[in-house]
Structure formats: structure tokens, C-alpha cells
Amino acid sequence: MDLAMVILTALTVIVSVIALCVSYNAAQKGSSLAAAANELTKAANEMQMGQVEMQIREMILNARSRYEDKSIQIQGHEDDDIYAKAVESALEGVLNAYDEACAKYLDGKVDRERFKKLYHDEIRQLVTDEVTQEKYREPQTKFHATNKVYTEWNNLER
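Residues numbered from 1 in each chain as written. Predicted model: local features only at pLDDT ≥ 70, side-chain atom pairs only at ≥ 80, totals over all residues. Heavy atoms only, no water.

On a plain count of helices and strands, the chain comes out with 4 helices and 0 strands. Expected size for 158 residues packed as a compact globule is a radius of gyration near 15 Å; at 30 Å, the chain overshoots this value by more than 25%. Within the chain, contacts between residues at least 6 apart in sequence are counted, and of these 64% link residues at least 24 apart. A total of about 11400 Å² of accessible surface is found on the chain, and carbon and sulfur atoms cover 57% of it. (Helix = DSSP H or I, 4+ residues; strand = E, 2+ residues; numbered from the N terminus. Rg over C-alpha atoms; globule rule 2.2 N^0.38 Å. Contact = heavy atoms within 4.5 Å. Areas by Shrake-Rupley, 256 points an atom, 1.4 Å probe, with all protein chains shown as cover.)

What follows is the structure, given as C-alpha cells:
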């Protein structure tokens, strides 16, 4: 029986070593697959950010184009209330487009550095321009995201 016990113990040790090797190999493969999945997720997120950034740019360009068209149409009709309201509505569309863009920035849906490089001057001009600055006055403003981004970028006390 001593020989049988030794053989049984040896077999148990061998099976345990094999199981350990298989487990180690599986853990290595799992780790490798997880790293690959993380890279794919990162690439997908970057692609999604790029798409959001393109949508933002298109939304802003369309709103600006509409505003420019309405501004041209009002020439010669400055006293006509309907034309003035159309221009005001188009301007509101531009401000809404920038506010939507700033909301995406605050939500982390765009590359923050690139967004700041692209829109820093435009947002500063909107908030400080004589024509639009009244629309950004707190507390009555409805463009909170734009104000928050403007303050974040231009607050000298930070």
C-alpha cells in the first residue's frame, strides 16, 4: 500500500502542476485579450468623439450660414418686424449650437484640448460681443453651458 500511496500522491502532484500551468496560460491569454479589448474600446471612443466633433462643427456652420443669410435678407428691410424676428431667431440658433457644443465639452464627449483650441476665440467673442453679451448675463441666460465653459477658460483666479 505504501507504493500505491506514493503513486497516487505523485499523480495528484502531477495533475495539480498541469492544472496550475493551464490556469497560468489561461490567465495570460485572458490578460492579453483584455488588453486588446481595452485598445479596441479606446479606438471606438476616439472614433465616436471624432464623429461628435464633426457633428458639432456642422451644426455650428449650418446655424451661422442661416444667420448670415437672414442678415443679408434684412438689408433694406430694417424696419420690418418680421425680418428682424427672423434674424433674431437665426442668431438664437447660432447661440444654441454653441451651447450644445459646450454641453458636449462639459460632458466629456469631445477631446477637451482640441475643442478649446478650435472654439476658445469664438466662444469668447460670443460672450463678450456687444450684440450677444446681453444673452449671456446671469441669472436670466439660458446658455449655461457656454457661460460655464467661458468662465472655465477665462477665469484668471484659477
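This paragraph deals with helix 1 (residues 2-73). Taking 1.5 Å as the rise per residue, helix 1 with 72 residues should run 106 Å; its terminal C-alpha atoms sit 105 Å apart, in good agreement. Listed in full, the buried residues belonging to helix 1 are Val52, Glu53, Ile56, Ile60 and Ala63. Tucked inside the fold, the buried residues of helix 1 contact helix 2 (81-106) and helix 3 (112-128). (Expected span 1.5 Å × (residues − 1). Buried < 20%, exposed > 50% of the residue type's maximum accessible area, 1.4 Å probe, protein only.)

Turning to the side chain of Thr141, a few remarks are in order. Along the polypeptide, Thr141 turns up in the loop between helix 3 and helix 4 (144-154). Among the polar contacts listed, one links the side chain of Thr141 to the backbone nitrogen of Phe143, at a separation of 3.0 Å. In this structure, Thr141 is in contact with Lys135, Tyr136 and Asn147, ignoring residues within four places of it in sequence. (Polar contact = N/O pair within 3.5 Å; in protein donor to acceptor, adjacent residues only side chain to side chain.)

Between helix 1 and helix 3, whose axes approach to 12 Å, the crossing angle comes to 15°. Considering their axes alone, helix 1 and helix 3 lie roughly parallel with respect to each other. The interaxial crossing formed by helix 1 with helix 3 has left-handed handedness. Contact residues: Glu53, Ile56, Arg57, Ile60 and Arg64 in helix 1; Arg114, Tyr119 and Glu122 in helix 3. Broken down by class, the residue content of the contact of helix 1 with helix 3 amounts to 3 nonpolar, no polar and 5 charged. (Axes fitted to C-alpha atoms, helices over the stretch in contact; angles between N-to-C directions. Parallel < 35°, antiparallel > 145°, perpendicular 65-115°, else oblique. Left-handed = near helix turned anticlockwise from the far one by under 90°. Nonpolar A, V, L, I, M, F, W, Y, C, P; charged D, E, K, R; others polar.)

Okay, the pattern of salt bridges next. Considering all chains together, one arrives at 11 salt bridges under this definition. Between Asp121 and Arg124 there is a salt bridge whose closest N-O contact spans 3.2 Å. Of this pair, Asp121 and Arg124 both sit in helix 3, 3 residues apart, which is roughly one turn of that helix. Note on Asp121: relative accessible area 44%, which makes it partly exposed. Of the charged contacts in the structure, one is a salt bridge between Glu134 and Arg137, with a shortest N-O distance of 2.9 Å. The class for Arg137 is partly exposed, based on a relative accessible area of 41%. In the salt-bridge network here, residues are joined through shared partners; they are Glu88, Glu92, Lys135 and Lys142. (Salt bridge = Lys/Arg side-chain N within 4 Å of Asp/Glu carboxyl O.)

Tracing the backbone shows Leu106 in helix 2. Distance from Leu106 to Asp69, taken between C-alpha atoms, is 30 Å for residues 37 residues apart in sequence. The contacts of Leu106, once residues within four sequence positions are left out, are Arg112, Ala145, Lys148, Val149 and Glu152.

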